[in-house]
Amino acid sequence: MNSVLKLILDGEALDTAQIGRILGLGAEAVDRELAALRQQGVLLGMRPVLNPGFESEHRVRAVIEIKVRTEGVGGFDAIAERISAFEQVESCYLMSGGYDLLVVVTADNLYKVAGFVHERLARIDGVQGTSTHFFLRAYKKDGFIVSSDAAGRDRPSVSP
Amino acid sequence: MDSSGRFVARHVATLPKSGIRDFFAIVSKMKDAVSLGIGEPDFVTPYHIREAAIASLEKGRTSYTDNRGTQQFREEVSRYVARNYGPEYDPDTEILGTIGVSEALDILLRAVLNPGDKVLYHEPCYVSYAPSVTLCHAEAIPIRTVSADQFALDPAALRAAWQPGCKLLVLNFPTNPTGGTADRAKLEAIAKFAIEKDLLVASDEIYSELTFEGDHVSIASLPGMRERTVFLHGFSKAFAMTGFRIGYACGPAAVIDGMLKVHQYGIMCAPIMSQEAAVEALRNGRDSMLHMRDKYRERRDFIVRRFNELGLKCHLPRGAFYAFPDITSTGLDSMTFAQKLLEQQKVAMVPGTAFGAAGAGFCRASFSTSYERIHEAGERIARFLDGLPRR
């Protein structure tokens, strides 16, 4: 794997100058590498991973299972791309199993999610049914443990 | 006023405290210190290994075990050692489960040393070797290893240090704190000398899986050495299991029997859940171990390059997870360097002298920590060096 990408995926909050120093490259070389990864479509973007407890307290997140009919509406891709275009949609996946699309949405409150489901999703030609589940509490997010009872907390800072 | 000190035995009262303790006391009270002083993996034990311990508890396996460890534990150790190091040990008579290598070495010393016996060991080395020998009323004789040799033990230096009364030679490759290793040729020369002088060898190979350059060779695998070597190993470093406190000794039956006596009166047995976690590590832990080893190697390359860029000459450690830069270019001694660095820039490195007189002029920096911290420590050390008077 690309060494710059590997460092980013390790989840360490390093800036490009730091990455450059660690890998023995200049910051500019790292920037070039990142630009190339973006251009190749490998790296879509980089965002901080926030503790959901510190995100805006009224914001809610839901996962919506969607069953679709593909005939006459352009197939899965056409529907999935249309749904992905909504700004409320964080992610959208085609799934195997009992439903077809899995969509994660965030909104300011529960009513806005409800409004999005029945006013937007349900009106899309091809959407046959939805099932919405709200997130209650996060224990792990994007590979990070959320719990405050962190591993290694009692590890001595100096040991033989 | 506490006057209970009068009850403490003379040889304990006069034993110096570990230099590391003083640093720990200061660093633990400092809020934003960056510590390169950590002598254990920064990884959490791989989940499948933790799960084995959890399963052991869930099944209610909370009893003592055989003093030597469970049959399953000893059989698994026997297979692992034969596969990775060469010698074959009988699980019934030649393997003993212990509370880490620390206990294994301690009970070995107590089992074989008579008062006044002499023990050879190479320095700089792990902090407990010499004190553990002293606690046995025996004499510890250091053999200096040097940076120019990448802190490998020079067989000629061993010969020069030998004196009548030497009974035991303690080896530790890869070495904490220097990352020194010993290649086959050196080990063969050491083995030849051990046979010539009829020395028992204690080989602490706790860092052996974390060998980055070349293949690790155990002295126990060399001709004529199995019968005079006690191979000491454990799970703390390679499998990130320090808190499990589990290790083992493999060696000739009579020596293991002697150790067993000390172990059964003092310890009874290693914790059963740790033994079961260890079995899982031996069976299925290789991938996690290799992953961690790769991470250490990457961080090693960075920290060594950084020290050299900063003008602190640093050899490439061939194993373990410590860099051992030479700080003499600053004009400071190890202790002063470490103290000032901690006071002025809040970076903790352990003075080389904590690992014996041969560590003078060096400091130990653990790279068992994140890139972020290593990077930040590098920036702070650069500022610290800039603030020193020009030489």
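Residues numbered from 1 in each chain as written. Chains lettered and ligands numbered in written order. Predicted model: local features only at pLDDT ≥ 70, side-chain atom pairs only at ≥ 80, totals over all residues.

Another point: the interface of chain A and chain B. Taken together, the contact pairs 16 residues of chain A with 23 residues of chain B. In terms of residues, the side of chain A that touches chain B owes the most to one element, helix H2 (residues 16-23) of chain A, which gives 3 residues. The residue inventory of the side of chain A that touches chain B, partitioned by class, reads 8 nonpolar, 5 polar and 3 charged. (Contact = placed C-beta atoms within 7 Å. Helix = DSSP H or I, 4+ residues; strand = E, 2+ residues; numbered from the N terminus. Nonpolar A, V, L, I, M, F, W, Y, C, P; charged D, E, K, R; others polar.)

This next bit is on helix H8 (residues 184-196) of chain B. All names here are of chain B. Under the 1.5 Å per step criterion, the end-to-end length of H8 is 18 Å for 13 residues, consistent within 8% with the ideal 18 Å. The set of residues buried in H8 consists of Leu187, Ile190, Ala191 and Ala194. Seen end-on, H8 carries its buried residues on one side only, within an arc spanning 105 degrees. Exposed positions of H8 whose direction lies more than 90 degrees from the buried face are Ala185 and Glu196. Where H8 is buried, its residues touch helix H7 (155-161), strand S5 (166-172) and strand S6 (200-204). With its phi angle positive at about 50 degrees, aspartate 198 sits one or two positions after the end of H8. (Expected span 1.5 Å × (residues − 1). Buried ≥ 20, exposed ≤ 12 C-beta atoms within 10 Å, placed from the backbone. Arc of directions from axis to C-beta.)

The next subject is the sheet that holds strand S4 (residues 127-134) of chain A. Residues and elements named next belong to chain A. Overall, antiparallel pairing links the 4 strands, which are arranged S2-S3-S1-S4 in an open sheet. Looking at which strands have only one partner, the edges of the open sheet turn out to be strand S2 (89-94) and S4. For this sheet, the mean angle separating the axes of adjacent strands, direction not counted, is 20 degrees. Here S2 pairs with strand S3 (residues 101-107) via 5 bridges, running antiparallel. What sits directly across from tyrosine 93, in S3, is leucine 102. Where helix H4 (residues 75-84) meets the sheet, it contacts strand S1 (60-68), S2 and S3, and its direction lies at approximately 170 degrees from that of S2. Where helix H5 (residues 110-120) meets the sheet, it contacts S1, S3 and S4, and its direction lies at approximately 140 degrees from that of S3. (Pairing = 2+ DSSP bridges. Axes fitted to C-alpha atoms, helices over the stretch in contact; angles between N-to-C directions.)

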